[in-house]
Amino acid sequence: MDAQGEVADYFSAILRKDNDVSAGIAAIRTLLHFLEKDNSNTMQELDNKLSKAIAAMRKTDHPVTSVASGTELFQRFITLTPLDMSFDQCKASMLERGKHFLNKLTESRDKVAKTAAPFIVDGSKILTHSKSRVVLQTMKEAAKANKRFTVFVTQSSPDKSGEIMCKELEAAHIPCTLILDSAMGYVMEQVDMVMVGAEGVVESGGIINKIGSYTMAMCSKELKKPFYVLTESFKFVRIYPLNQQNLPKEFKYSASKLQKDLSKEHPMVDYTPPAYITLLFTDLGILTPSAVSDELIKLYL
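Reading guide: rules and limits
- Residues numbered from 1 in each chain as written.
- Predicted model: local features only at pLDDT ≥ 70, side-chain atom pairs only at ≥ 80, totals over all residues.
- Heavy atoms only, no water.
- Pairing = 2+ DSSP bridges.
- Helix = DSSP H or I, 4+ residues; strand = E, 2+ residues; numbered from the N terminus.
- Right-handed = clockwise from strand over helix to strand, strands pointing away.
- Axes fitted to C-alpha atoms, helices over the stretch in contact; angles between N-to-C directions.
- Contact = heavy atoms within 4.5 Å.
- Buried < 20%, exposed > 50% of the residue type's maximum accessible area, 1.4 Å probe, protein only.
- Salt bridge = Lys/Arg side-chain N within 4 Å of Asp/Glu carboxyl O.

(A) Summary view of the pairing of strand β3 (residues 176-179). Relative to β3, strand β2 (residues 149-154) runs parallel, the two being bridged by four bridges. The partner of Val151 across the bridge, within β3, is Cys176. With helix α7 (residues 161-171) bridging β2 and the parallel β3, this β-α-β connection has right-handed handedness.

So this is what it looks like as C-alpha coordinates:
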(Lines give C-alpha, C1' and ligand atoms only; values in the text may rest on other atoms or scores of the structure.)
Protein backbone atom coordinates (compact mmCIF):
# COMPACT_ATOMS: atom_id res chain seq x y z
CA MET A 1 0.00 0.00 0.00
CA ASP A 2 1.33 3.50 -0.84
CA ALA A 3 1.77 6.32 1.70
CA GLN A 4 -1.46 8.07 0.69
CA GLY A 5 -3.41 4.83 1.07
CA GLU A 6 -1.95 4.38 4.57
CA VAL A 7 -2.95 7.94 5.51
CA ALA A 8 -6.54 7.39 4.27
CA ASP A 9 -6.78 4.07 6.17
CA TYR A 10 -5.40 5.56 9.40
CA PHE A 11 -7.86 8.49 9.15
CA SER A 12 -10.83 6.20 8.46
CA ALA A 13 -9.83 3.88 11.32
CA ILE A 14 -9.95 6.76 13.84
CA LEU A 15 -13.50 7.64 12.76
CA ARG A 16 -14.57 4.01 12.73
CA LYS A 17 -13.28 3.31 16.25
CA ASP A 18 -14.43 6.51 17.96
CA ASN A 19 -17.91 7.89 17.16
CA ASP A 20 -17.23 10.90 19.36
CA VAL A 21 -14.46 12.26 17.12
CA SER A 22 -15.29 14.71 14.33
CA ALA A 23 -13.70 14.35 10.89
CA GLY A 24 -11.67 17.56 11.43
CA ILE A 25 -10.09 16.31 14.67
CA ALA A 26 -9.45 12.87 13.12
CA ALA A 27 -7.66 14.57 10.20
CA ILE A 28 -5.40 16.55 12.55
CA ARG A 29 -4.61 13.43 14.60
CA THR A 30 -3.70 11.69 11.33
CA LEU A 31 -1.35 14.52 10.30
CA LEU A 32 0.36 14.41 13.71
CA HIS A 33 0.87 10.66 13.36
CA PHE A 34 2.22 11.26 9.85
CA LEU A 35 4.67 13.91 11.19
CA GLU A 36 5.98 11.54 13.87
CA LYS A 37 6.66 8.79 11.31
CA ASP A 38 7.95 11.02 8.50
CA ASN A 39 11.53 10.67 7.20
CA SER A 40 11.76 13.78 5.00
CA ASN A 41 15.11 15.61 4.69
CA THR A 42 13.91 19.09 3.72
CA MET A 43 11.01 21.39 4.59
CA GLN A 44 9.87 21.42 0.97
CA GLU A 45 9.72 17.62 0.89
CA LEU A 46 7.80 17.56 4.19
CA ASP A 47 5.37 20.22 3.00
CA ASN A 48 4.70 18.29 -0.23
CA LYS A 49 4.04 15.10 1.75
CA LEU A 50 1.67 16.91 4.11
CA SER A 51 -0.27 18.28 1.13
CA LYS A 52 -0.55 14.77 -0.36
CA ALA A 53 -1.70 13.37 3.01
CA ILE A 54 -4.45 16.02 3.20
CA ALA A 55 -5.50 15.27 -0.39
CA ALA A 56 -5.73 11.54 0.49
CA MET A 57 -8.09 12.27 3.41
CA ARG A 58 -10.24 14.53 1.25
CA LYS A 59 -10.73 11.65 -1.19
CA THR A 60 -12.33 9.40 1.44
CA ASP A 61 -16.11 9.17 1.87
CA HIS A 62 -16.06 11.14 5.13
CA PRO A 63 -17.30 14.77 5.40
CA VAL A 64 -14.73 17.03 3.75
CA THR A 65 -15.71 20.49 5.05
CA SER A 66 -14.15 20.30 8.51
CA VAL A 67 -11.20 18.30 7.13
CA ALA A 68 -10.46 21.17 4.74
CA SER A 69 -10.67 23.89 7.41
CA GLY A 70 -8.99 21.94 10.22
CA THR A 71 -6.01 20.79 8.17
CA GLU A 72 -5.41 24.24 6.67
CA LEU A 73 -5.38 25.82 10.14
CA PHE A 74 -3.12 23.00 11.38
CA GLN A 75 -0.62 23.59 8.57
CA ARG A 76 -0.53 27.33 9.25
CA PHE A 77 -0.12 26.87 12.99
CA ILE A 78 2.69 24.30 12.93
CA THR A 79 4.75 26.21 10.33
CA LEU A 80 5.01 29.30 12.57
CA THR A 81 8.59 28.32 13.49
CA PRO A 82 11.76 30.46 13.40
CA LEU A 83 13.71 30.19 10.15
CA ASP A 84 17.11 30.05 11.87
CA MET A 85 16.60 26.45 13.07
CA SER A 86 18.00 23.26 11.58
CA PHE A 87 15.52 20.97 9.80
CA ASP A 88 15.43 18.53 12.76
CA GLN A 89 14.77 21.40 15.17
CA CYS A 90 12.04 22.73 12.87
CA LYS A 91 10.38 19.35 12.68
CA ALA A 92 10.51 18.92 16.48
CA SER A 93 9.01 22.40 16.88
CA MET A 94 6.25 21.53 14.37
CA LEU A 95 5.40 18.37 16.31
CA GLU A 96 5.27 20.27 19.59
CA ARG A 97 3.09 23.01 18.12
CA GLY A 98 0.87 20.38 16.45
CA LYS A 99 0.24 18.60 19.75
CA HIS A 100 -0.53 21.92 21.44
CA PHE A 101 -2.95 22.78 18.60
CA LEU A 102 -4.72 19.41 18.91
CA ASN A 103 -5.07 19.77 22.70
CA LYS A 104 -6.56 23.22 22.22
CA LEU A 105 -9.09 21.91 19.69
CA THR A 106 -10.01 18.94 21.89
CA GLU A 107 -11.11 21.41 24.58
CA SER A 108 -13.12 23.56 22.15
CA ARG A 109 -16.32 21.47 22.20
CA ASP A 110 -16.48 21.77 25.99
CA LYS A 111 -16.02 25.55 25.74
CA VAL A 112 -18.88 25.85 23.24
CA ALA A 113 -21.16 23.72 25.47
CA LYS A 114 -20.44 25.85 28.55
CA THR A 115 -21.08 29.05 26.54
CA ALA A 116 -24.38 27.89 25.00
CA ALA A 117 -25.92 25.91 27.90
CA PRO A 118 -27.12 29.02 29.84
CA PHE A 119 -29.38 29.87 26.86
CA ILE A 120 -31.41 26.75 27.65
CA VAL A 121 -33.84 27.74 30.40
CA ASP A 122 -36.37 25.74 32.40
CA GLY A 123 -39.36 24.72 30.32
CA SER A 124 -37.59 25.25 26.97
CA LYS A 125 -38.62 23.32 23.89
CA ILE A 126 -35.77 22.96 21.42
CA LEU A 127 -35.69 21.74 17.83
CA THR A 128 -32.45 20.26 16.47
CA HIS A 129 -31.46 18.65 13.18
CA SER A 130 -29.51 15.45 12.59
CA LYS A 131 -26.78 14.50 15.10
CA SER A 132 -24.39 17.14 16.41
CA ARG A 133 -21.81 16.23 19.06
CA VAL A 134 -21.52 19.79 20.30
CA VAL A 135 -25.31 20.27 20.53
CA LEU A 136 -25.56 16.98 22.44
CA GLN A 137 -22.84 18.05 24.89
CA THR A 138 -24.54 21.45 25.38
CA MET A 139 -27.83 19.76 26.23
CA LYS A 140 -26.06 17.42 28.66
CA GLU A 141 -24.41 20.47 30.26
CA ALA A 142 -27.82 22.15 30.69
CA ALA A 143 -29.30 18.94 32.14
CA LYS A 144 -26.43 18.76 34.66
CA ALA A 145 -27.45 22.24 35.82
CA ASN A 146 -30.92 20.79 36.56
CA LYS A 147 -32.58 22.56 33.64
CA ARG A 148 -35.81 20.86 32.55
CA PHE A 149 -36.40 21.00 28.80
CA THR A 150 -37.58 18.88 25.89
CA VAL A 151 -36.05 18.32 22.48
CA PHE A 152 -37.50 17.58 19.05
CA VAL A 153 -35.02 15.82 16.77
CA THR A 154 -35.46 15.41 13.02
CA GLN A 155 -34.92 11.90 11.69
CA SER A 156 -32.48 13.42 9.18
CA SER A 157 -32.68 11.41 5.98
CA PRO A 158 -31.04 9.75 4.19
CA ASP A 159 -28.69 8.40 6.92
CA LYS A 160 -31.22 8.82 9.78
CA SER A 161 -28.54 10.25 12.07
CA GLY A 162 -31.29 11.94 14.10
CA GLU A 163 -32.28 8.51 15.43
CA ILE A 164 -28.80 8.17 16.99
CA MET A 165 -29.07 11.68 18.46
CA CYS A 166 -32.44 10.83 20.00
CA LYS A 167 -31.10 7.62 21.58
CA GLU A 168 -28.14 9.50 23.07
CA LEU A 169 -30.43 12.18 24.51
CA GLU A 170 -32.64 9.48 26.03
CA ALA A 171 -29.55 7.81 27.52
CA ALA A 172 -28.76 11.16 29.18
CA HIS A 173 -32.39 11.25 30.54
CA ILE A 174 -33.30 14.26 28.37
CA PRO A 175 -36.91 14.03 27.07
CA CYS A 176 -36.92 13.99 23.28
CA THR A 177 -39.23 13.25 20.36
CA LEU A 178 -38.08 11.99 16.97
CA ILE A 179 -39.92 13.71 14.10
CA LEU A 180 -39.96 13.38 10.32
CA ASP A 181 -37.85 15.93 8.43
CA SER A 182 -41.01 17.06 6.68
CA ALA A 183 -42.64 17.82 10.07
CA MET A 184 -40.17 20.57 11.01
CA GLY A 185 -42.58 23.33 9.93
CA TYR A 186 -45.42 21.73 11.91
CA VAL A 187 -43.30 21.48 15.08
CA MET A 188 -41.66 24.90 14.71
CA GLU A 189 -44.57 26.84 16.22
CA GLN A 190 -44.24 24.78 19.45
CA VAL A 191 -40.53 25.37 20.07
CA ASP A 192 -38.65 28.24 21.71
CA MET A 193 -35.46 27.93 19.71
CA VAL A 194 -33.53 25.92 17.14
CA MET A 195 -30.04 24.61 17.94
CA VAL A 196 -27.91 23.02 15.23
CA GLY A 197 -24.26 22.16 14.72
CA ALA A 198 -22.22 22.93 11.60
CA GLU A 199 -19.80 21.06 9.37
CA GLY A 200 -18.33 24.41 8.31
CA VAL A 201 -18.73 28.14 8.88
CA VAL A 202 -18.00 30.23 5.78
CA GLU A 203 -16.64 33.76 5.41
CA SER A 204 -20.09 35.36 5.17
CA GLY A 205 -21.10 33.93 8.56
CA GLY A 206 -23.35 31.33 6.90
CA ILE A 207 -22.95 27.62 7.57
CA ILE A 208 -22.54 24.35 5.71
CA ASN A 209 -24.46 21.61 7.51
CA LYS A 210 -26.49 18.44 7.02
CA ILE A 211 -29.04 18.69 4.21
CA GLY A 212 -32.28 20.17 5.57
CA SER A 213 -30.58 22.80 7.78
CA TYR A 214 -31.43 25.55 5.29
CA THR A 215 -35.10 24.49 5.25
CA MET A 216 -35.16 24.54 9.06
CA ALA A 217 -33.54 28.00 9.13
CA MET A 218 -36.14 29.39 6.71
CA CYS A 219 -38.98 27.97 8.81
CA SER A 220 -37.52 29.42 12.01
CA LYS A 221 -37.09 32.85 10.39
CA GLU A 222 -40.70 32.84 9.17
CA LEU A 223 -42.01 31.94 12.65
CA LYS A 224 -39.54 34.30 14.40
CA LYS A 225 -37.74 31.59 16.37
CA PRO A 226 -34.02 32.10 17.18
CA PHE A 227 -31.74 29.91 15.07
CA TYR A 228 -28.56 29.15 17.03
CA VAL A 229 -25.47 27.51 15.54
CA LEU A 230 -23.04 25.71 17.86
CA THR A 231 -19.61 25.09 16.36
CA GLU A 232 -15.88 24.93 17.03
CA SER A 233 -13.64 27.54 15.39
CA PHE A 234 -11.53 24.93 13.54
CA LYS A 235 -14.57 24.53 11.27
CA PHE A 236 -14.21 28.11 9.97
CA VAL A 237 -13.45 27.64 6.28
CA ARG A 238 -12.24 30.20 3.75
CA ILE A 239 -14.93 29.99 1.08
CA TYR A 240 -17.71 32.44 0.18
CA PRO A 241 -20.65 30.60 -1.42
CA LEU A 242 -23.44 32.76 -2.84
CA ASN A 243 -26.02 30.00 -3.18
CA GLN A 244 -26.46 26.20 -3.02
CA GLN A 245 -24.92 25.57 -6.45
CA ASN A 246 -21.90 27.67 -5.46
CA LEU A 247 -20.81 25.18 -2.79
CA PRO A 248 -17.79 23.09 -3.89
CA LYS A 249 -18.92 19.70 -5.17
CA GLU A 250 -16.44 17.85 -2.92
CA PHE A 251 -18.21 19.39 0.10
CA LYS A 252 -21.67 18.33 -1.12
CA TYR A 253 -20.98 14.77 -2.27
CA SER A 254 -18.86 11.88 -1.00
CA ALA A 255 -15.74 11.08 -3.04
CA SER A 256 -17.28 7.89 -4.47
CA LYS A 257 -20.34 9.79 -5.72
CA LEU A 258 -18.22 12.41 -7.49
CA GLN A 259 -17.48 9.76 -10.12
CA LYS A 260 -21.20 9.33 -10.86
CA ASP A 261 -23.88 11.40 -12.57
CA LEU A 262 -24.49 14.04 -9.87
CA SER A 263 -27.85 15.07 -11.35
CA LYS A 264 -29.21 11.83 -9.85
CA GLU A 265 -27.48 12.22 -6.46
CA HIS A 266 -28.73 14.04 -3.36
CA PRO A 267 -26.20 16.38 -1.69
CA MET A 268 -25.15 15.53 1.89
CA VAL A 269 -25.12 19.18 3.00
CA ASP A 270 -26.66 22.53 2.19
CA TYR A 271 -25.72 26.17 2.73
CA THR A 272 -27.60 28.37 5.21
CA PRO A 273 -27.02 32.09 4.51
CA PRO A 274 -26.15 34.39 7.44
CA ALA A 275 -29.49 36.24 7.26
CA TYR A 276 -31.19 33.18 8.79
CA ILE A 277 -28.74 32.75 11.69
CA THR A 278 -29.35 34.50 15.02
CA LEU A 279 -26.05 33.74 16.82
CA LEU A 280 -23.07 31.42 16.55
CA PHE A 281 -21.76 29.88 19.80
CA THR A 282 -18.05 29.11 19.37
CA ASP A 283 -14.97 28.50 21.50
CA LEU A 284 -13.99 32.08 20.54
CA GLY A 285 -17.18 33.39 22.17
CA ILE A 286 -20.70 34.25 21.02
CA LEU A 287 -20.62 35.77 17.52
CA THR A 288 -23.09 37.40 15.20
CA PRO A 289 -22.78 36.15 11.59
CA SER A 290 -21.23 39.49 10.57
CA ALA A 291 -18.39 39.01 13.10
CA VAL A 292 -17.25 35.71 11.53
CA SER A 293 -15.15 37.32 8.78
CA ASP A 294 -13.09 39.21 11.39
CA GLU A 295 -12.45 36.02 13.34
CA LEU A 296 -11.49 34.19 10.14
CA ILE A 297 -8.89 36.85 9.38
CA LYS A 298 -7.40 36.43 12.88
CA LEU A 299 -7.38 32.63 12.59
CA TYR A 300 -5.66 32.55 9.20
CA LEU A 301 -3.12 35.35 9.74
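(B) Molecular detail of the sheet that holds strand β10 (residues 285-287). With mixed pairing, seven strands are arranged side by side in an open sheet as β3-β2-β1-β4-β7-β9-β10. The sheet is open, and its two edges are formed by β3 and β10, each paired on a single side. Mean inter-strand twist for the sheet, computed between neighbouring axes without regard to direction, equals 25 degrees. Strand direction decides the pairing type here: strand β7 (residues 227-230) and strand β9 (residues 279-282), joined by three bridges, are parallel. Within β9, the residue paired with Val229 across the bridge is Leu280. Helix α6 (residues 133-144) contacts β1 (124-128), β2, β4 (193-196) and β7 of the sheet and is inclined by roughly 165 degrees relative to β2. Packed onto the sheet, α7 meets β1, β2 and β3 and runs at close to 170 degrees relative to β3.

(C) Structural view of the environment of Cys219. Note that Cys219 resides in helix α9 (residues 213-222). By relative accessible area, which is 22% here, Cys219 ends up partly exposed. It is 23 Å that separates the C-alpha atoms of Cys219 and Pro175, two residues lying 44 residues apart in sequence. Sequence-distant contacts of Cys219, defined by excluding residues within four places in its chain, comprise Gly185 and Met188.

(D) Summary view of the sheet that holds strand β5 (residues 200-201). Across the sheet, which stays open at both edges, the three strands sit in the order β5-β6-β8 with antiparallel pairing between neighbours. Of all the strands in the sheet, just β5 and β8 (269-272) have a single pairing partner and so form its edges. Pairing geometry for strand β6 (residues 207-210) and β8, over four bridges, is antiparallel. Each bridged residue has a counterpart across the sheet, and for Ile208 the counterpart in β8 is Tyr271. In the packing of α9 onto the sheet, the strands contacted are β6 and β8, and the crossing angle to β8 comes to about 35 degrees.

(E) The arrangement of the pattern of salt bridges in detail. Counted by the stated rule, this structure contains 16 salt bridges. The residue Arg238 makes a salt bridge to Glu72 at a minimum N-O spacing of 2.5 Å. Note that Arg238 is positioned in the loop between β7 and α10 (249-252) and Glu72 in helix α4 (residues 65-78), a separation of 166 residues in sequence. Glu72 gets classed as partly exposed once you look at its relative accessible area, which sits at 25%. Counted as one network, the salt bridges with shared partners bring together Asp20, Arg109, Glu232 and Lys235.

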